[in-house]
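Report on the structure
Each chain is listed here by its residues.
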Amino acid sequence: MTSIPDLNGEARFAEFTLAEGCLLCGGEVSIRATPSGAHSYCPTCHWLSRPRMKVRGQGLELSFSTSANA
Ligand SMILES: [Zn+2]
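Calculation notes
- Residues numbered from 1 in each chain as written.
- Predicted model: local features only at pLDDT ≥ 70, side-chain atom pairs only at ≥ 80, totals over all residues.
- Helix = DSSP H or I, 4+ residues; strand = E, 2+ residues; numbered from the N terminus.
- Contact = placed C-beta atoms within 7 Å.
- Pairing = 2+ DSSP bridges.
- Buried ≥ 20, exposed ≤ 12 C-beta atoms within 10 Å, placed from the backbone.

The protein chain carries the name Conserved uncharacterized protein in an unreviewed UniProt entry, which gives Stigmatella aurantiaca as its organism.

Next up, the structure:
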């Protein structure tokens, strides 16, 4: 679970990067967030994912689900 505290208003659904957001290589991940869902892409290891996105207050919460869940 990662919190992104400083998005606001219309910027809520946008593209942004998440430092150390990649579950595979720990690199920076590009997130594209839309009202219908979020997509993430790591340019370092080419990891693609669709994190679950929840709007919470003025921020977003992204949760990456992996097949490694216990
Ligand atoms: Zn990566």
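Still to come is the rest of the account.
**Some thoughts on the overall build of the protein chain**
Looking only at helices and strands, the protein chain features 0 helices and 7 strands. Reading the helices (α) and strands (β) of the protein chain from amino to carboxyl end gives β-β-β-β-β-β-β. Within the protein chain, residue pairs in contact and separated by at least 24 positions form 24% of the contacts whose partners lie at least 6 positions apart.

**Here's the deal with the sheet that holds strand β5 (residues 48–49)**
Strand order in the open sheet made by the 4 strands is β2-β3-β4-β5, with antiparallel pairing throughout. In this open sheet, the two edge strands, each paired with only one partner strand, are β2 (15–18) and β5.

**Considering the pairing of strand β3 (residues 29–34)**
Of the two faces of β3, only one is covered, namely that formed by V29, I31 and A33; the face formed by S30, R32 and T34 stays uncovered. Where β2 and β3 come together, 4 bridges link them in antiparallel fashion. Residue pairing across strands places E15 opposite R32, the latter belonging to β3. In this structure, β3 lies alongside strand β4 (residues 37–41), joined through 5 bridges in antiparallel fashion. If you follow A33 over to β4, its bridge partner there is A38. A loop of 2 residues connects β3 with β4, the two strands running antiparallel in sequence.

**Examining the environment of C42**
The residue C42 is located in the loop between β4 and β5 in this model. Residue C42 is classed as buried on the basis of its C-beta count, with 20 C-beta atoms lying within 10 Å. For the pair formed by C42 and E20, sequence separation is 22 residues and the distance between their alpha carbons is 9.8 Å. Beyond its immediate stretch of four places on either side in the chain, C42 contacts C22, L24, C25, G27, V29 and W47.

**What to know about unusual backbone geometry**
Even without glycine at this site, E20 takes up a positive phi of about 60 degrees. If you trace the backbone, E20 turns up in the loop between β2 and β3. A positive phi angle is found at H46, which is not glycine, with a value near 65 degrees. Inspection of the secondary structure assignment puts H46 in the loop between β4 and β5. Note on H46: 9 C-beta atoms within 10 Å, which makes it exposed.

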